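So the chains spell out like this:
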Amino acid sequence: MLIDYHLHNHFSPDSETDTRKIIERLQEMKIKHICITNHGEWFDKTEETVGVFEFNEVYSRLNSAKQEIEKLRPEYPNMDIAFGLELQYQPKAKDEIKKLLSKIQFDYILGSAHIMDEIVISGGLNAGNYFKDKSEEQAYTAYFEELLKWVEDGDFNNVAHFDIIKKSGYKFYGDFNPIPYKPIIQKILNKIKETGKGVELNTASMHHKCHQLFPHPEILKWCVETGIENYTLGSDAHELHEVGRHLDEALQIAKDVGIKYLSTYKKRQPTKIPISDY
Ligand SMILES: [Zn+2]
Ligand SMILES: [Zn+2]
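Because the structure is a prediction, the values reported are computed rather than measured.

Procedures and definitions
Position labels on residues start from 1 in each chain and follow its written sequence. Each chain is given a letter, starting from A, and each ligand a number, starting from 1, according to the order in which they appear as written. Local features are withheld for residues below a pLDDT of 70 in this predicted model, meaning they are given only at 70 or higher, and side-chain atom pairs are given and counted only at 80 or more; totals for whole chains, interfaces and linings count all residues. Side-chain calculation: all heavy atoms of the structure are included, whereas hydrogens and water are not. Basic side-chain nitrogens of Lys or Arg form a salt bridge, by our definition, when they fall within 4 Å of a carboxyl oxygen of Asp or Glu. Helix numbering and strand numbering both begin at the N terminus, where a helix is a DSSP run of H or I of at least 4 residues and a strand a DSSP run of E of at least 2. For each residue, the accessible area found with a 1.4 Å probe, counting protein chains only, is set against the maximum for its type, and the residue is called buried under 20%, exposed over 50%, and partly exposed in between. Metal donors were taken as nitrogen, oxygen and sulfur atoms no farther than 2.8 Å from the ion, or 3.2 Å where the ion is Na, K or Ca. Water is excluded, so coordination may look unfinished. Every geometry call rests on angle ranges, with four donors termed tetrahedral when all angles are between 85 and 135 degrees, four termed square planar and six termed octahedral when opposite donors are over 155 degrees apart and all others are between 65 and 115, and everything else termed irregular. A contact between two residues is defined here by any heavy atoms of the two lying within 4.5 Å. By arc we mean the arc of the directions from the helix axis to the C-beta atoms, nothing more. Inter-axis angles, ranging from 0 to 180 degrees, are taken between N-to-C directions of lines fitted to C-alpha atoms, where helices are fitted over the stretch in contact. We call two directions roughly parallel when the angle between them is under 35 degrees, roughly antiparallel when it is over 145, roughly perpendicular when it lies between 65 and 115, and oblique otherwise. Here a crossing is taken to be left-handed if its near helix is turned anticlockwise relative to the far helix by less than a right angle, and right-handed if that turn runs clockwise. Amino acids are sorted into nonpolar (Ala, Val, Leu, Ile, Met, Phe, Trp, Tyr, Cys and Pro), charged (Asp, Glu, Lys and Arg) and polar (every other residue, Gly among them). The criterion for strand pairing is that DSSP finds at least two bridges linking the strands in question. Place the viewer so that the strands point away; then a crossover is right-handed whenever the path from the first strand over the helix to the second strand goes clockwise.

Summarise the pattern of salt bridges; cite the residues concerned and give the values.
The final tally for this structure, using the stated rule, is 13 salt bridges. Linking lysine 94 and aspartate 153 is a salt bridge whose minimum nitrogen-to-oxygen distance equals 3.5 Å. Of the two residues, lysine 94 sits in helix 3 (residues 94–103) while aspartate 153 sits in helix 5 (residues 136–153), which places them 59 residues apart along the sequence. Look at aspartate 153 and you get partly exposed, because its relative accessible area is 38%. For lysine 221, the salt bridge identified is with glutamate 218, shortest N-O distance 3.6 Å. Within this pair, lysine 221 and its partner glutamate 218 are both found in helix 8 (residues 217–226), separated by three residues, close to a single helical turn. Relative accessible area serves as the criterion here: at 23%, glutamate 218 is assigned to the partly exposed category.

Account for the coordination of the zinc ion (ligand 2), with residues named and values stated.
Here the zinc ion (ligand 2) is held by His6 (NE2), His8 (NE2), Glu86 (OE) and Asp236 (OD), and the distances to it run 2.1 to 2.3 Å. Taken together, the four donor atoms surrounding the zinc ion (ligand 2) define angles of 79 to 167 degrees at the centre, an arrangement classified as irregular. If you look at the zinc ion (ligand 2) and the zinc ion (ligand 1), they sit 3.3 Å from each other and are both ligated by glutamate 86. Of this pair, histidine 8 sits in the loop between strand 1 (2–7) and helix 1 (19–28) while glutamate 86 sits in strand 3 (residues 80–88), placing them 78 residues apart in sequence. Its relative accessible area of 1% is what places histidine 8 among the buried residues.

So, the coordination of the zinc ion (ligand 1): which residues are in play, and what are the values?
Within the protein, the zinc ion (ligand 1) binds to Glu86 (OE), His114 (NE2) and His161 (NE2); these donor distances fall in the range 2.0 to 2.3 Å. Of note, the zinc ion (ligand 1) draws all its donor residues from one chain, in the sequence arrangement E-x27-H-x46-H. What makes histidine 161 buried here is its relative accessible area of 0%.

Report on the environment of cysteine 35, specifying residues and quantitative values.
For cysteine 35, the position within the fold is in strand 2 (residues 31–39). For cysteine 35, a relative accessible area of 0% gives the class buried. Separated by 28 residues in sequence, cysteine 35 and leucine 7 place their C-alpha atoms 6.4 Å apart. Aside from chain neighbours lying at most four places away, what touches cysteine 35 is Asp4, Tyr5, His6, Leu7, Ala82, Phe83, Gly84 and Tyr108.

Talk me through helix 8; I want residue IDs and the actual numbers.
Among the residues making up helix 8, those that are buried are Ile219, Leu220, Trp222, Cys223 and Thr226. Taken down its axis, helix 8 places every buried residue within 155 degrees of arc, on the same side. Buried residues in helix 8 make contact with helix 7 (182–194), strand 8 (198–202), strand 9 (230–234) and helix 9 (247–257). Count one or two residues on from helix 8 and you reach glycine 227, which has phi positive near 90 degrees.

Got a sec to walk through unusual backbone geometry? Specific residues and values, please.
Residue proline 215 is reached from phenylalanine 214 by a cis peptide bond, and omega for that bond is -10 degrees. The topology assignment puts proline 215 in the loop between strand 8 and helix 8. The residue histidine 161 is not glycine, and still its phi comes out positive at about 25 degrees. Residue position: histidine 161 is located in the loop between strand 7 (158–159) and helix 6 (165–173).

Run through the packing of helix 1 against helix 2 (residues 55–72), naming residues and quoting values.
Remark: helix 1 packs on helix 2, axes separated minimally by 11 Å, with the N-to-C direction vectors making an angle of 50 degrees. Compared by their axis directions, helix 1 and helix 2 come out oblique. For the pair helix 1 and helix 2, the sense of crossing is right-handed. Each of Thr19, Arg20 and Ile23 in helix 1 lies in contact with helix 2, whose residues at this interface are Glu68, Ile69 and Leu72. A per-class count over the contact of helix 1 with helix 2 returns three nonpolar, one polar and two charged.

Describe the pairing of strand 2, with residues and values.
Of all nine residues making up strand 2, eight are buried, and the element is well covered by its neighbours. Note that strand 1 and strand 2 share four bridges and pair parallel. Paired with isoleucine 3 across the bridge in strand 2 is histidine 33. Tracing the backbone out of strand 1, into helix 1 and back to the parallel element strand 2 gives a crossover that is right-handed. Two strands pair when backbone bridges link them, and strand 2 and strand 3 are joined in this way by seven bridges, in the parallel orientation. Across the sheet, the residue bridging to isoleucine 34 is isoleucine 81, located in strand 3.

On their own, these measurements won't tell you what the molecule is for.
Listed below in structure tokens is the structure:
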């Protein structure tokens, strides 16, 4: 039995997937513990208003998303359906984010960094604009520095897709090797440990050319060595066919690097389930 703790439905600005279909597909796949994690801030395909966090819009959209989950839960008593959120790092929306978290109780929150210099670096239309004038070292170091600030500053549970910069970066620089970035990555991991956060194993890019888990298994080994305790698995599905994808491979990697538990969440509190039970 697996968990899928990163799923987008039709309340996410970048997805149209029907929630009932997501639940039923995961039920067929015997994935019991699931969490819907829509974007808080706006993500539009044109990228003209990407990252905008307008409180009333976010509140009403996510409140409706929560009501829908509450309505569906009794219909699927064998499924453990959590209500979550994916939040982009943006210090300018700090007060609005705080207000949102005081008004809506989430079970689980992912912290993400997909926008650098107002460009969506996670595979958006304009991602190339971020990389084209930068060396790999410049591009990746700036990303990890941004992630470090978010981990220091942010109110969230787990870091989403830790090294998502490689999803577009590999086209410019080839396969991602984390070793040269160990000093900055280790700082992030220390801060994750210190603030009681965790790390998700995100499979969204395993079918892409870059074909790597987020984070790279080497980084996961460092996570274990650092003593980070909470881990989730997530497909980051925006479409139905992506739901639950590659999670069995991610589980095997988790076991190989020595992760002992996967966590599920209720009202932001983790419950650790021994990985041997999966
Ligand atoms: Zn994301
Ligand atoms: Zn996502």
